[in-house]
2 protein chains.
Amino acid sequence: MSAPTLKLKQKRSQERREKIVAAATRLFGDRGIAQTSLTDVAQAAGIPLPSLYDYFKDKQDLVATVPEENYLALYNLLADPPEEGAADPRQQLRAIYLGNFAYIRDNPDWGRVFFLEIWPSVAVAEGRIRKAVDRYALRYVDLVRHAIASGDYRRQLDPYLAMSLLMGGMCHLTAVWLLYGRPYDLVEKGRALFDTLEVSFLAKGDVKTRARRSRKSR
Amino acid sequence: MSAPTLKLKQKRSQERREKIVAAATRLFGDRGIAQTSLTDVAQAAGIPLPSLYDYFKDKQDLVATVPEENYLALYNLLADPPEEGAADPRQQLRAIYLGNFAYIRDNPDWGRVFFLEIWPSVAVAEGRIRKAVDRYALRYVDLVRHAIASGDYRRQLDPYLAMSLLMGGMCHLTAVWLLYGRPYDLVEKGRALFDTLEVSFLAKGDVKTRARRSRKSR
DNA sequence: GAAAAAATTCGAAGAACATTCGAAATTTGT
DNA sequence: ACAAATTTCGAATGTTCTTCGAATTTTTTC
């Protein structure tokens, strides 16, 4: 029976599900969601077409799964190492932002689906995806707030505006990077973007106070 | 016969075409392109389904037409009034950027299709759409270059990076605005975004030199 | 360790949608 | 008025999404 993902599988036929998601991520990223038929996905995953419906309610469900699944990996990746620099929100924001670019660079398929197909897109209005994206965006809002509280960033800076600039810049940069065949180092550009952007975030008088950012570099 | 848009219509049944585009813009913006069937478009336009193919090669062709058609209007709107401030690239950039937001505010359907459905999206890779978008983006690159040349903006500022920030911010802001039901004045937010962003564009020593921006205000 | 219960798989069939064809209707040119 | 060109759309086709349920496999129970 076509059982939605409501009840988890009880065996390692979990692998099939993963195969499907992997195939879908690749194909969606390649040609776009609309141009990818479930027949293609099934074939690429080596699974009969109707069986897809044993793992996903419908195509939209599969689409929503792609960013969800990767979001977890990304979130964990970026959530872990706040220990060492926990006291420096500005440093943390920078690390997370660049980590984000690195993740995109290392998972371009996912990046393509997420930044070119799903977000922004009306799909993001769908509850499940919206939730993930919001949580993601609020993380940045939070970090900016901390940086303001610590005195690094201007007190008048609107954290939501700052988030829009960070996310929007990342989205645009990634989109261009992907569309033009990944011609340059995305993380490098991301760093330049962040540094440019941060100039407008910083508290004026504080420029030198916190200018000891080059320790360890990367 | 199903004649692609190759040869223009020789009568005012041009109106039908416009009806279709209008209906498509509204429906695509409402529910998204994938969730809108040509049957819906045909019904909304009051035209039998197969007749759509007398005006558009296929669905993708209709999709591409939406941004194309509006792009012209926007482009003309923003290209006209450079006369008065032609000498001040910084002022011109600001005016065009805000004019852009105003156009989105006044044509939210188009904004939705363009910023949530088409750009960014792999659709943008398609020749026709790419061309329009590129021309659009390069306009900003150009304006930034002028502002650099005039000494308003930092000499080290990468015009492409600046464009990414401008476009990305606009895209994100618009997306949020649309998705959350247009809760605030988009142009106002756009202005705040621009002013925040511009801080990082400006030449350092020049802060006071060119600070006479308040004449006549907006 | 076999029978019952539960979960899993997928072939066959149906529904929704995009797209094509070409004959009828209309307009244009002479 | 008549022929040529153009426009319109009903009927038919092909593709893709989705459902149904019987056959198969795995898990549980005694």
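Turning our eyes to something else, we now look at the overall build of chain A. Helix and strand counts for chain A stand at eight helices and zero strands. For chain A, the succession of helices and strands along the chain, N to C, is α-α-α-α-α-α-α-α. Relative to its 218 residues, chain A shows a buried fraction of 51%. Here the analysis covers contacts within chain A between residues at least 6 apart in sequence; of these, 71% occur between residues at least 24 apart.

This brings us to the domain arrangement of chain A. Residues and elements named next belong to chain A. Splitting chain A by domain gives domain 1 (13-56) and domain 2 (62-206). Across the boundary between the two partners, domain 1 contributes 13 residues, which contact 11 residues of domain 2. Both faces combined, the contact of domain 1 with domain 2 buries some 1,100 Å², and carbon together with sulfur accounts for 73% of it. Three residues, T25, F28 and I33, lead the burial of domain 1 against domain 2; their summed loss comes to 42% of the area buried on that side. Our count for the domain 1 to domain 2 interface comes out at one salt bridge. Ionic pairing is found between R17 and E69, a salt bridge with its closest N-O pair at 3.3 Å. The tally of links from domain 1 across to domain 2 stands at two residue pairs in polar contact (both at pLDDT 80 or more).

Between the two copies, chain A and chain B, the superposition gives an RMSD of 0.1 Å; the rotation angle is 180 degrees and the shift along the axis is 0.0 Å. Here the transformation between the copies is reduced to the relation of a two-fold axis. Considering only C-alpha atoms, the residue of chain A closest to the rotation axis is G168 of chain A, which sits at 2.0 Å.

On to the pattern of salt bridges, then. Residue and element names in this part refer to chain A. Under the counting rule described, the total for this entry stands at 16 salt bridges over all chains. In this structure, E198 and R90 form a salt bridge, with 2.9 Å as the shortest nitrogen-oxygen distance. One end of the pair, E198, is in helix α8 (residues 186-199); the other, R90, is in helix α4 (residues 89-106), and 108 residues separate them in sequence. The pair formed by E198 and R90 is uniform in burial state, with each residue classed as buried.

Now for the nonpolar core. The biggest cluster of nonpolar side chains holds 135 residues, and the ones touching the most others in it are Y140 and Y153 of chain A together with Y140 of chain B. Those residues within four positions of Y153 of chain A in sequence are excluded, and the remaining contacts are R90, L93, V144, A147, I148, F194, E198, F201, L202 and A203 of chain A.

All names here are of chain A. Scanning the entire structure with this criterion turns up 18 aromatic pairs over all chains. Ring centres of Y136 and Y140 lie 6.0 Å apart, and the angle between their planes is 85 degrees; this geometry places the pair in the edge-to-face category. One end of the pair, Y136, and the other, Y140, are both in helix α6 (residues 127-149), four residues apart, so they sit about a helical turn from each other. Taken individually, Y136 and Y140 each receive the classification buried, so the pair is uniform in this respect. Both rings, one in Y153 and one in F201, keep their centres 5.5 Å apart while their planes meet at 65 degrees; by these two values the pair is edge-to-face.

Here we take up the interface of chain A and chain B. Each partner contributes to the interface: chain A provides 40 residues, whereas chain B provides 40 residues. Here chain A and chain B share two salt bridges between them. Salt-bridge contacts for D158 of chain B lead to K189 of chain A; the nearest nitrogen and oxygen are separated by 3.6 Å. Between chain A and chain B we count six residue pairs in polar contact (both at pLDDT 80 or more) in total. Broken down by secondary-structure element, the contributors of at least two residues to the side of chain A that touches chain B are α1 (14-31), α5 (108-118), α6, α7 (159-179) and α8 of chain A. Ranked by the residues each element gives to the side of chain A that touches chain B, the list is headed by α7 of chain A, at 12 residues. Along the lines of polarity and charge, the residues of the side of chain A that touches chain B split into 21 nonpolar, 11 polar and eight charged.

What counts, and where the lines are drawn
Residues numbered from 1 in each chain as written. Chains lettered and ligands numbered in written order. Predicted model: local features only at pLDDT ≥ 70, side-chain atom pairs only at ≥ 80, totals over all residues. Heavy atoms only, no water. Helix = DSSP H or I, 4+ residues; strand = E, 2+ residues; numbered from the N terminus. Buried < 20%, exposed > 50% of the residue type's maximum accessible area, 1.4 Å probe, protein only. Contact = heavy atoms within 4.5 Å. Domains from an automatic or database assignment. Buried area = accessible area lost by both parts, 1.4 Å probe. Salt bridge = Lys/Arg side-chain N within 4 Å of Asp/Glu carboxyl O. Polar contact = N/O pair within 3.5 Å; in protein donor to acceptor, adjacent residues only side chain to side chain. Least-squares fit on C-alpha atoms with pLDDT ≥ 70 in both. Core = buried A, V, L, I, M, F, W, Y, C linked by side-chain atoms within 4.5 Å. Phe/Tyr/Trp six-rings, centres within 6.5 Å; stacked < 30°, edge-to-face > 60°. Nonpolar A, V, L, I, M, F, W, Y, C, P; charged D, E, K, R; others polar.

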